[in-house]
Number of protein chains: 2
Amino acid sequence: PDYAIGQEAQRRLDSLTKPQGSLGRLEDIAKQLCIIRGGAAKLAQPKPAAAVFAADHGVAAGGVSAYPQEVTQQMIYNFLAGGAGINVLCRQAGADVWVIDVGVAGDMSQAQGLIQAKVAHGTADMTKGPVMTMNQALDAIVVGAQTAQRLIEKGYDLLIPGEMGIGNTTPCSAITAVICGLRPEQVMGRGTGVDDAGLSRKLAALKTALDVNKPDPANPLEVLCKVGGLEIAAMCGYILEAAARGVPVMLDGFISTTAALVAGGLCPTAIDYCFSGHGSVEIGHRAQLEKLGLRPILTLEMRLGEGTGAAVAMNVLRAAVAIYSEMATFAEAGVTGH
Amino acid sequence: PDYAIGQEAQRRLDSLTKPQGSLGRLEDIAKQLCIIRGGAAKLAQPKPAAAVFAADHGVAAGGVSAYPQEVTQQMIYNFLAGGAGINVLCRQAGADVWVIDVGVAGDMSQAQGLIQAKVAHGTADMTKGPVMTMNQALDAIVVGAQTAQRLIEKGYDLLIPGEMGIGNTTPCSAITAVICGLRPEQVMGRGTGVDDAGLSRKLAALKTALDVNKPDPANPLEVLCKVGGLEIAAMCGYILEAAARGVPVMLDGFISTTAALVAGGLCPTAIDYCFSGHGSVEIGHRAQLEKLGLRPILTLEMRLGEGTGAAVAMNVLRAAVAIYSEMATFAEAGVTGH
């Protein structure tokens, strides 16, 4: 990114008919978009897409989630039929939804409209050893990168990472604990709403997984292989590819920011292309955002995942683009400025 | 409002394909809209309008603002030409803008498209005595109520109170200090961006105004007459009329919530029809929200006024309406629920 463009964008923002800085974070968002797009001329409204990467998790067998594993597959059919939260919120925000099987435990080959890119039938149980091989992790990263590439070739110019995978707050808590150097208790929440007994099982699973695997915080790929997930790896590749192509990314909450944590470990400048859409209820999300130097645009107490918080935040980004490109300047409007 | 409808709406929300409560405040907003509209069936997307009430303030002569009084008139022409922040953000959110002269100091009779409803050529200086007579305050309230009535008759079903009036954070700080029982320092900020010298003048003006006028906190109309403003009175009438007709109101920040404070003093149930769109940088806004029991939907460090924060928040309300009406239920999607 070229930060001189940021100064030029700030001059334009300061020329608009409003007290300087009075549009707050809308101005910051517009400026960051100018920097990412490489120009301070008027911004066009983005054409966004959400890629929902689906995968299953061996650890789900240990009862760490409020839902059974079959819900991953059921929800994929819901995505494909357009009835899930991510579909509705993307429609409302003018974004398209693409669904990718990167690691669902079960045959999804007949699902109409699903992008078939299965690397494995779910991961192994992290409490017993590494959840996947290095080759599997790399394959999943490539699935994510190729998805970003295809979406960009289709004309999308803002990418939302989305996900579905029953049990996936557990690997995300594990990755966050390792990379942020925190204890499991400090980064673990109720996910989709596990009860107290489930929460105890989740904490025990996390502790065992970290004990058994001892992932090296300095090696993000090793962390992915040992305590990660296939959809997390895919989202990591998706974010890296978007950034490499100069395309902005709107992160959602705890799961997608885990992928950003891994992506940032592999390539720190990738984070310059990321916006944080929504600050999750999951406590681990705060540690992630601090580590990455990101601030969420919205805080609406959402904890659904799928990419839904990012979809809602797209509206605010659209508002930022609109003010940057459509407001009159002091000179144009004949208003007395400072 | 009928709170049994809220329970029915909650049952519908809990039947949708997501963990219960996982859409956070989107669910609360949908539920409140159901209660206001009086039914838990699917919600239609609203047709919103913003009414921007413009007026001038005698106290502006004392240098309490970063801008000269002439900017009120200049900005009205900017609103009418569609180039101001409120125009751009309302367009982005699918809302129309109407502009009303309720008390501009100067002849605006030739302004095309401006709704002519001038009650006085600005208010008097609050540091010398009451800013307006009781008749003027009541006339301005009627202007606001009639505006709401006309907009509702035109088919709008969600109303945003907007405003323009150089110097108007000073009367709003005065009203807030009186009604919330706080000292001027506790409710006063930089408004559109006054410097340190201006801030001292503003504080001195506020203290003098409260000393000279001694408004009775228990009498909201007296507070309006002594230290209020014509656009604040109009917004108060606008909110009361919307609530009386069962139409939801999306409040903006410090100025429009001041009007809600007066409206709530006159008719507490009016606040049940209000959403708080944006939590302002102005410190007095927090005291107002606490008094009214409202929580802002957005916190984007905006401090422009005009109704802009409410316009951005309309997008979130639209997202809430969309999830309530368009998401599939567990039964419809064949997903295993709790």
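Residues numbered from 1 in each chain as written. Chains lettered and ligands numbered in written order. Predicted model: local features only at pLDDT ≥ 70, side-chain atom pairs only at ≥ 80, totals over all residues. Heavy atoms only, no water.

Trainee: Requested: an account of the overall build of chain A, with residues and values cited.
Mentor: Of the regular secondary structure elements, chain A holds 14 helices and seven strands. On C-alpha atoms alone, chain A measures out to a radius of gyration of 20 Å, which is about the 20 Å that the 2.2 N^0.38 rule sets for 338 residues. Projected onto its principal axes, the C-alpha coordinates of chain A cover approximately 70 × 40 × 35 Å. Scored against the burial criterion, the 338 residues of chain A give a buried share of 64%. Relative to all contacts within chain A whose residues are 6 or more apart in sequence, the contacts with residues 24 or more apart total 75%. Total accessible area computed for chain A in this model is approximately 11,300 Å², and 51% of it derives from carbon and sulfur atoms. Taken together, the 26 basic and 31 acidic charged side chains of chain A have centroids lying 3 Å from each other. (Helix = DSSP H or I, 4+ residues; strand = E, 2+ residues; numbered from the N terminus. Rg over C-alpha atoms; globule rule 2.2 N^0.38 Å. Buried < 20%, exposed > 50% of the residue type's maximum accessible area, 1.4 Å probe, protein only. Contact = heavy atoms within 4.5 Å. Areas by Shrake-Rupley, 256 points an atom, 1.4 Å probe, with all protein chains shown as cover. Lys, Arg positive; Asp, Glu negative; His and termini not counted. Charge placed at Lys NZ, Arg CZ, Asp CG, Glu CD.)

Trainee: Please give an account of the environment of Thr308 of chain A that cites residues and values.
Mentor: Locating Thr308 of chain A in the fold gives a position in helix H13 (residues 308-326). Judged by its relative accessible area of 1%, Thr308 of chain A falls in the buried class. Remark: the alpha-carbon pair of Thr308 of chain A and His278 of chain A, spanning 30 residues in sequence, is separated by 8.8 Å. Those residues in contact with Thr308 of chain A that sit more than four places away from it in its chain are Gly85, Ile86, Leu89, Asp252 and Met302 of chain A together with Leu23 of chain B. Engagement of the side chain of Thr308 of chain A in a polar contact is seen with the backbone oxygen of Gly305 of chain A, the distance being 2.7 Å. (Polar contact = N/O pair within 3.5 Å; in protein donor to acceptor, adjacent residues only side chain to side chain.)

Trainee: Can you break down the side chain of Gln74 of chain A residue by residue, with the values?
Mentor: For Gln74 of chain A, the position within the fold is in helix H3 (residues 70-81). With a relative accessible area of 17%, Gln74 of chain A lands in the buried category. Excluding residues within four positions of it along the chain, Gln74 of chain A makes contact with Gly334, Val335 and Thr336 of chain B.

Trainee: Before we move on, could you go through the interface of chain B and chain A and cite the residues and values that matter?
Mentor: With 52 residues of chain B at the interface, the matching set in chain A holds 52 residues. Interface of chain B and chain A: buried area, both sides summed, is about 4,100 Å²; carbon and sulfur atoms make up 62% of it. Considering only the side of chain B, the residues that lose the most area to chain A are Tyr67, Leu300 and Thr336 of chain B, jointly responsible for 13% of the buried surface there. Scanning the region where chain B abuts chain A turns up four salt bridges. Here Arg91 of chain B ties to Glu326 of chain A by a salt bridge, and the two come within 3.1 Å at their closest N and O atoms. If you list the elements that add at least two residues to the side of chain B that touches chain A, you get helix H2 (24-37), helix H3 (70-81), helix H4 (85-93), strand S7 (296-298), helix H13 (308-326) and helix H14 (330-333) of chain B. Per-element tally for the side of chain B that touches chain A: the top contributor is H13 of chain B, with nine residues. Classifying every residue of the side of chain B that touches chain A gives 26 nonpolar, 17 polar and nine charged. (Buried area = accessible area lost by both parts, 1.4 Å probe. Salt bridge = Lys/Arg side-chain N within 4 Å of Asp/Glu carboxyl O. Nonpolar A, V, L, I, M, F, W, Y, C, P; charged D, E, K, R; others polar.)

Trainee: Requested: an account of the domain arrangement of chain A, with residues and values cited.
Mentor: Residue and element names in this part refer to chain A. Considered domain by domain, chain A is made up of domain 1 (3-44 + 322-333) and domain 2 (48-313). Contacts between domain 1 and domain 2 engage eight residues on the former and eleven residues on the latter. Between domain 1 and domain 2, the buried area comes to about 830 Å², and carbon and sulfur atoms account for 53% of it. Sorting the residues of domain 1 by area buried against domain 2 places Arg25, Gln32 and Ile36 first, and these three jointly supply 60% of that buried surface. If you look at where domain 1 meets domain 2, you find one salt bridge. For Asp157, the salt bridge goes to Arg37, with nearest N and O atoms at 3.9 Å. In this structure, the connection of domain 1 to domain 2 is made through four residue pairs in polar contact (both at pLDDT 80 or more). When residues in the side of domain 1 that touches domain 2 are grouped by element, the largest group, seven residues, is from helix H2 (residues 24-37). Residues that form the side of domain 1 that touches domain 2 fall into these classes: four nonpolar, one polar and three charged. (Domains from an automatic or database assignment.)

Trainee: Tell me what's going on with the relation of the copies chain B and chain A, and back it up with residues and numbers.
Mentor: Expressed as a screw transformation, the operator carrying chain B onto chain A has a rotation angle of 180° and an axial translation of 0.0 Å, and the superposed copies differ by an RMSD of 0.0 Å. The operation mapping one copy onto its partner corresponds to a two-fold rotation axis. Interface overlap between copies: 100% of the residues of chain B at the interface are likewise at the interface in chain A, consistent with a symmetric, same-surface contact. (Least-squares fit on C-alpha atoms with pLDDT ≥ 70 in both.)

Trainee: Describe unusual backbone geometry, with residues and values.
Mentor: All names here are of chain A. Residues other than glycine seldom take positive phi values, yet Lys214 does so here, at roughly 40°. By the element assignment, Lys214 lies in the loop between helix H8 (196-213) and helix H9 (220-227). Of note in the backbone geometry, Glu301 takes a positive phi value of approximately 60° without being a glycine. Examined against the element boundaries, Glu301 turns out to sit in the loop between strand S7 (296-298) and H13.

Trainee: Explain the layout of surface pockets residue by residue, including any values.
Mentor: To find leftover empty space, one rolls a probe the size of a water molecule over the atoms. Size it by volume and the largest pocket reaches roughly 380 Å³. Lining of the largest pocket is provided by 19 residues; of these, Asp28, Gln32, Cys274, Phe275 and Leu294 of chain B occupy positions nearest its centre. When contributions to the lining of the largest pocket are tallied by element, the ones reaching two or more residues are helix H1 (3-15), H2 and strand S6 (274-278) of chain B. The greatest single-element share of the lining of the largest pocket, amounting to seven residues, is contributed by H2 of chain B. Across the lining of the largest pocket, the residue classes break down as ten nonpolar, four polar and five charged. Residues lining the lining of the largest pocket come from more than one domain, with at least three contributed by each of domain 1 (3-44 + 322-333) and domain 2 (48-316) of chain B. Here the second largest pocket is characterised by a volume of approximately 310 Å³. In terms of lining, the second largest pocket is formed by 17 residues, of which the most central are Gln32, Cys274, Phe275, Gly293 and Leu294 of chain A. (1 Å grid on protein atoms, 1.4 Å probe; cavity = no way out; pocket = protein on both sides within 12 Å on 5 of 7 lines; lining within 4 Å. Points joined across faces, edges and corners; volume = space filled by probe spheres on them.)

Trainee: Give me the nonpolar core: which residues, what numbers.
Mentor: In terms of nonpolar packing, the biggest core is built from 126 residues, with Leu26 and Met250 of chain A together with Leu26 and Met250 of chain B touching the most fellow members. Setting aside anything within four residues of it in sequence, one finds Met250 of chain A in contact with Leu158, Leu159, Ile160, Pro161, Phe275, Ser276, Gly277, Ile297, Ala310, Ala313, Met314 and Leu317 of chain A. (Core = buried A, V, L, I, M, F, W, Y, C linked by side-chain atoms within 4.5 Å.)

Trainee: Explain the pattern of salt bridges to me, using residue names and the numbers behind them.
Mentor: Opposite charge on two side chains allows them to pair when their charged atoms are near. Residues and elements named next belong to chain A. Within the structure shown, the criterion is met by 20 salt bridges over all chains. Between Glu241 and Arg245 there is a salt bridge; the shortest N-O distance is 2.6 Å. Judged by its relative accessible area of 18%, Glu241 is buried. Classification of Arg245 as partly exposed rests on a relative accessible area of 39%.

Trainee: Can you explain the state of the cysteines? Please cite residues and give values.
Mentor: Residue and element names in this part refer to chain A. Counting across every chain of the model gives zero disulfides over all chains. Not engaged in a disulfide, the cysteine Cys90 finds its nearest cysteine sulfur in Cys274; these two sulfurs lie 17 Å apart. Judged by relative accessible area, which is 0%, Cys90 ranks as buried. (Disulfide = S-S within 2.5 Å.)

Trainee: How would you summarise the pairing of strand S4 (residues 158-164) of chain B if you had to cite specific residues and measurements?
Mentor: All names here are of chain B. Across the seven residues that make up S4, a large majority, seven, are buried. Of the two faces of S4, the one lined by Leu158, Ile160, Gly162 and Met164 and the one lined by Leu159, Pro161 and Glu163 are each fully buried. Here seven bridges tie strand S1 (residues 48-55) to S4, and the two strands are oriented parallel to one another. Opposite Pro48, over in S4, you have Leu158 as the bridge partner. (Pairing = 2+ DSSP bridges.)

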